[in-house]
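Chain by chain, the residues:
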2 protein chains.
Amino acid sequence: MGKRDVTKVVLDEKEIPKQWYNVVADMPNRPGPHYSSRTGKPAEPQELEAIFPKSLIQQEATTERWVDIPKPVRELYHQWRPSPLYRAKGLEKLLDTPARIYYKYEGTNATGSHKLNSSLAQAYYNKEEGIKRLATETGAGQWGSALSLACSHFDLACSVYMVKVSYDQKPYRRSFMHTFGADVTASPSNKTQCGQKILEEFPDTTGSLGIAISEAVEDAATHADTNYALGSVLNHVCLHQTVIGLESKKQLEMIDEYPDIVMACCGGGSNFAGLAFPFLKDKFSGTKLRAIAVEPTACPTLTKGKFAYDYGDSVKIGPITKMYTLGHDFIPTGIHAGGLRYHGDSPIVSQLYHDGIIEAQSYAQKEVFDAAVKFARTEGIIPAPESAHAIKGAIEEALKAKEAGEGKVILFNLSGHGYFDMTAYESYFSGNIENIDYAEEDLKESLNKLPQID
Amino acid sequence: MGKRDVTKVVLDEKEIPKQWYNVVADMPNRPGPHYSSRTGKPAEPQELEAIFPKSLIQQEATTERWVDIPKPVRELYHQWRPSPLYRAKGLEKLLDTPARIYYKYEGTNATGSHKLNSSLAQAYYNKEEGIKRLATETGAGQWGSALSLACSHFDLACSVYMVKVSYDQKPYRRSFMHTFGADVTASPSNKTQCGQKILEEFPDTTGSLGIAISEAVEDAATHADTNYALGSVLNHVCLHQTVIGLESKKQLEMIDEYPDIVMACCGGGSNFAGLAFPFLKDKFSGTKLRAIAVEPTACPTLTKGKFAYDYGDSVKIGPITKMYTLGHDFIPTGIHAGGLRYHGDSPIVSQLYHDGIIEAQSYAQKEVFDAAVKFARTEGIIPAPESAHAIKGAIEEALKAKEAGEGKVILFNLSGHGYFDMTAYESYFSGNIENIDYAEEDLKESLNKLPQID
């Protein structure tokens, strides 16, 4: 095995990508355009300009294969990039599998997840266009933390609407954002009309990403100096994350490896996109490769949702997008993987799934935590509950490889650590982690409320 | 400036030290031997063998300059070492100082602090000698976390006595240790005679490192398959930490720098030792260099303590050691920097301070948190409250350099991150961080109770 008998593959700093890879350039069918929730027609640039800077609107629509990473963003990437690629030797041994399992670890930066790859870029572009404040939503708190730090670097104010269930479950995430000067509000809140409307109708709601997005979008749309920033789903966010896969390819090349399977957890889709898209580039040229998005059974957007136009937010003020969706009214149960509780999915990831280019799997909460603890004890890193979905998927594939006696190469994205999720782990050890799924009735109902776009 | 205009200095994996540096070999006056608390005479090896493996007892006494790092330990070091060295450009800019500030960041490993450097070595040596379980104490939880993970790697059971104030303040640290399979007990506890004795006398005590050490030592001494592991103070622990300074020297060399000042926070002394000792090697050969240990005013061992023989633990069952001490009865106030709440100090660090080779400074809690938040906002890393003492010290030295118009080079050890200390930060932002110092009366009293040795 020689070269592959490694614990960690370290890439030289000179190899930090200088360009992001835009998978849209190579897709057989491109994602549909965003529609306006006001007019029901394709969104005009000026409509998007109320909440996004021009440069990001342009990135959202570009079909160029490579997009330059601005120098100030790249300089900040140097703080922690290239991130390490590990071979999961401990886990392989535990599973007694002939598969070789690798993981790219995005948790070594200050905010502990991949989200910083995009938040730095978004803060930079907004600053360049004279914006003073960014409003955003956060589920698990990873995106809010990442945007808080990015705003601190570029001297922007930052307002975070945090899904109520996470706000209560993760007080430390709040304090984290406070440390970087952000203001954090439990969503739904009385600060916005959207929030007030939801609270009137559902006073006991635990909130959802869809609602928090509505609040942040309204905040941005009603303040001239304020823009909105989204931590996943949109094309430009997926674009920024491709540094993950681009580095991983180089790291595997260094040890003469190429993956049979790449996997990542999938909520809005950005960390999956980040790892998988650069490998799909090869797949489009004929390389054999499986790319698998792993989601929770409690919020099974790809595996149980519908490929249709839908609102990205619950109060229907943001753009309408063609994607896999559970319906904008769908409110997932309060699983600990708060970052995967989104009713929709990236339009690009959705199109790729629809076209059979990528696969999807879903797992229930308890088996995911079983996998997380197995991983922690063998690899020494406590994973975020979101990332643990990728671990569960990788373990399943490694066990299949064992059954078949095949030395498969599996690469997954460990998108973040679980330092801020210790209450979830404590619940697990106390036997209080439940498999709480959705009600079929609720899903049926919310799928009946999709907007009619051609 | 050229070469020095960097954000981060990355060292190749091949440069991970193969040997630890033993400063004792070069000291003009060596630290005194450990005495037996039972006989009042120099401790016999067989007495120490009740709680330590032979290999570590040998390391404790060795005067060899270099000690080989065992291959299995070195392989685990590869998981995160070499750790990055950063130039604190953001902080320099904020302070508008001509000083160049660098920091070695030991928080990138799974347990978030430098402690893993020694816990892996200690678990390894104990495993080699057939031990089944390690008992230890932990203050802030960093050492307990590091030993839990190390025991998980080497398949040893792990029992952690956690100082009560930290046990209550840091529930997430407990869950962290549970994740790696350790059992965690609030100290003082009813599990040991030492704990029972303290609880009878002081039922409301918040605990101290001194008490928790007594409990862990008793646990080890009364179980044949169990040894004791200490996270700081002892010579072999300081030895294991020297990988920090050895790497830092190479990293500074890469950019043609050499420090005028090296600084680290100092509780038991191991992270200070780790950074400073390899530089002291140069100082002993005539290089000009200041090495400064930074401690809290609430537990000012070097700056206000006495250089004398004292018990290392509160219940007087562990070895007696010549060191700076506040008295084994001294119980510091419940400051958030739990890792610095130890009444004594490393015998080596103490001897060096006594001989005027190193300096010491102390700072109060509030000004330390001011510095921590300044650092977080400019450098993007939330420091552990312990490590923030080094930051405060570095800021003060950088401001002095500014006043003097001198381009000093300052290197400090950022020994760990503050992800598990967010309640402390939340207190800070709510205006609830107080400067709680010791009472002069208490100190006087506890200094009156030192044992009479020679």
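Residues numbered from 1 in each chain as written. Chains lettered and ligands numbered in written order. Predicted model: local features only at pLDDT ≥ 70, side-chain atom pairs only at ≥ 80, totals over all residues. Heavy atoms only, no water.

Caption draft 1: Quick look at the interface of chain B and chain A. Taken residue by residue, the interface counts 42 residues in chain B and 42 residues in chain A. Both sides of the chain B and chain A interface together cover about 3500 Å² of buried area, and 55% of this is carbon and sulfur. Seen at the junction of chain B and chain A, the total is zero salt bridges. In this structure, the connection of chain B to chain A is made through 20 residue pairs in polar contact (both at pLDDT 80 or more). When residues of the side of chain B that touches chain A are traced back to their parent elements, those giving at least two are helix H6 (142-153), helix H8 (171-179), helix H16 (365-379) and helix H18 (422-429) of chain B. Its residues assigned to classes, the side of chain B that touches chain A shows 18 nonpolar, 17 polar and seven charged. (Contact = heavy atoms within 4.5 Å. Buried area = accessible area lost by both parts, 1.4 Å probe. Salt bridge = Lys/Arg side-chain N within 4 Å of Asp/Glu carboxyl O. Polar contact = N/O pair within 3.5 Å; in protein donor to acceptor, adjacent residues only side chain to side chain. Helix = DSSP H or I, 4+ residues; strand = E, 2+ residues; numbered from the N terminus. Nonpolar A, V, L, I, M, F, W, Y, C, P; charged D, E, K, R; others polar.)

Caption draft 2: Structural view of the pattern of salt bridges. In total, this model carries 51 salt bridges over all chains according to the counting rule given. Of the charged contacts in the structure, one is a salt bridge between Lys191(A) and Asp183(A), with a shortest N-O distance of 3.5 Å. When its relative accessible area of 33% is taken as the criterion, Asp183(A) is described as partly exposed. A salt bridge links Lys408(B) to Glu406(B), with the shortest nitrogen-to-oxygen separation between them at 3.7 Å. What emerges from the salt-bridge pattern is a single network uniting Arg81(A), Lys104(A), Glu106(A) and Glu247(A). (Buried < 20%, exposed > 50% of the residue type's maximum accessible area, 1.4 Å probe, protein only.)

Caption draft 3: Quick look at a negative patch on the surface. Residue and element names in this part refer to chain A. Residues Glu 440, Glu 441, Asp 442 and Glu 445 make up a contiguous surface patch of negative charge. Note on placement: Glu 445 falls in helix H19 (residues 440-447). Relative accessible area serves as the criterion here: at 48%, Glu 445 is assigned to the partly exposed category. (Patch = residues over 30% accessible without salt bridge, like charges linked within 9 Å, V, L, I, M, F, W, Y side chains within 5 Å. Areas by Shrake-Rupley, 256 points an atom, 1.4 Å probe, with all protein chains shown as cover. Lys, Arg positive; Asp, Glu negative; His and termini not counted. Charge placed at Lys NZ, Arg CZ, Asp CG, Glu CD.)

Caption draft 4: Inspection of the domain arrangement of chain A at higher detail. Residues and elements named next belong to chain A. If you check the domain split of chain A, you get domain 1 (6-16 + 81-112 + 240-447) and domain 2 (116-230). A C-alpha centroid distance of 24 Å is found between domain 1 and domain 2. If you look at the interface, domain 1 gives 30 residues, while domain 2 gives 34 residues. Carbon and sulfur atoms make up 59% of the area that domain 1 and domain 2 hide from each other, which totals about 2500 Å². Looking only at domain 1, the three residues that lose the most surface to domain 2 are Thr 111, His 240 and Phe 420, adding up to 28% of its buried area. Put simply, Lys 170 and Asp 421 hold a salt bridge, and the shortest N to O gap is 2.4 Å. One can count 10 residue pairs in polar contact (both at pLDDT 80 or more) joining domain 1 with domain 2. Of all the secondary-structure elements, those providing two or more residues to the side of domain 1 that touches domain 2 are helix H11 (235-241) and helix H12 (243-254). Split into classes, the residues belonging to the side of domain 1 that touches domain 2 amount to nine nonpolar, 14 polar and seven charged. (Domains from an automatic or database assignment.)

Caption draft 5: Focus on the sheet that holds strand S6 (residues 133-138) of chain A. All names here are of chain A. Strand order in the open sheet made by the four strands is S8-S7-S6-S9, with parallel pairing throughout. Pairing within the sheet leaves two strands with one partner each, and these edge strands are strand S8 (183-187) and strand S9 (226-228). If you compare each strand with its neighbour and ignore which way they point, the axes differ by 25° on average. As defined by bridge partners, S6 adjoins S9 across three bridges and the pair is classed as parallel. (Pairing = 2+ DSSP bridges. Axes fitted to C-alpha atoms, helices over the stretch in contact; angles between N-to-C directions.)

Caption draft 6: Highlighting the pairing of strand S7 (residues 157-163) of chain A. Residue and element names in this part refer to chain A. Counting buried residues in S7 gives six out of seven residues, a clear majority hidden from the surface. Looking at chain direction, S6 and S7 are connected through six bridges and run parallel. Its bridge partner lying in S7, Leu 134 is registered against Cys 158. Bridge count for S7 against S8 is five bridges, and the pairing is parallel. Along S8, the bridge assignment pairs Met 162 with Ala 186.

Caption draft 7: Spatial organisation of the sheet that holds strand S4 (residues 85-87) of chain B. All names here are of chain B. With mixed pairing, seven strands are arranged side by side in an open sheet as S1-S4-S5-S15-S10-S11-S14. Two strands lie at the open edges of the sheet, namely strand S1 (8-9) and strand S14 (359-363), each paired on one side alone. Here strand S10 (residues 261-265) runs beside strand S11 (residues 290-296); their pairing, made up of five bridges, is parallel. By the bridge assignment, Cys 265 is partnered in S11 with Val 294. Strands S10, S11 and strand S15 (409-414) of the sheet are contacted by helix H13 (residues 270-284), whose axis makes an angle of about 160° with S10. Against the sheet, helix H17 (residues 387-404) touches strand S5 (100-105), S10, S11, S14 and S15, its axis set at about 170° to S15.

Caption draft 8: Layout of the packing of helix H9 (residues 193-201) of chain B against helix H10 (residues 209-221) of chain B. All names here are of chain B. At a minimum axis separation of 8 Å, H9 and H10 run at an interaxial angle of 145°. Where H9 abuts H10, its residues Gln 193, Cys 194, Gly 195 and Ile 198 lie against Ile 211, Ser 214, Glu 215 and Glu 218. Of the residues contributing to the contact of H9 with H10, the split by class is three nonpolar, three polar and two charged.

Caption draft 9: Highlighting the side chain of His240(A). Looking at where His240(A) falls in the secondary structure, it is placed in helix H11. Looking at His240(A), its side chain comes within polar contact range of the side chain of Ser118(A), at 2.9 Å.

Caption draft 10: Fine view of the packing of aromatic side chains. All told, the structure shown has 44 aromatic pairs over all chains when counted by the stated rule. Seen in terms of ring centroids, Tyr419(A) and Phe176(B) are 6.0 Å apart; in terms of plane orientation they differ by 20°. Their pairing is stacked. On the criterion of chain membership, the pair formed by Tyr419(A) in the loop between strand S15 (409-414) and helix H18 (422-429) and Phe176(B) in helix H8 is interchain, its members lying in two chains. In this structure, Tyr419(A) and Phe176(B) share a single accessibility class: buried. Judged by centre distance (5.2 Å) and plane angle (75°), the rings of Phe420(A) and Tyr419(B) are edge-to-face. In this pair, Phe420(A) sits in the loop between S15 and H18 while Tyr419(B) sits in the loop between S15 and H18, so the two residues belong to two different chains. (Phe/Tyr/Trp six-rings, centres within 6.5 Å; stacked < 30°, edge-to-face > 60°.)

Caption draft 11: Broad picture of the pairing of S5(B). All names here are of chain B. By the criterion of burial, S5 is predominantly enclosed, with six of the six residues buried. Taking every second residue as pointing to the same face, both faces of S5 are buried, with Arg 100, Tyr 102 and Lys 104 on one and Ile 101, Tyr 103 and Tyr 105 on the other. With three bridges connecting them, S4 and S5 associate as antiparallel partners. Bridge pairing in S5 links Leu 85 to Lys 104.

Caption draft 12: Expanded view of the layout of surface pockets. There is about 790 Å³ of room inside the second largest pocket. Along the wall of the second largest pocket there are 21 residues; nearest its centre are Leu76(A), His153(A), Gly90(B), Lys93(B) and Thr378(B). Looking at the lining of the second largest pocket, the elements with two or more residues in it are helix H3 (71-77) and helix H6 (142-153) of chain A together with helix H4 (89-95) and H16 of chain B. Counting residues per element, the lining of the second largest pocket draws most heavily on H4(B), at five residues. Of the residues contributing to the lining of the second largest pocket, the split by class is six nonpolar, six polar and nine charged. (1 Å grid on protein atoms, 1.4 Å probe; cavity = no way out; pocket = protein on both sides within 12 Å on 5 of 7 lines; lining within 4 Å. Points joined across faces, edges and corners; volume = space filled by probe spheres on them.)

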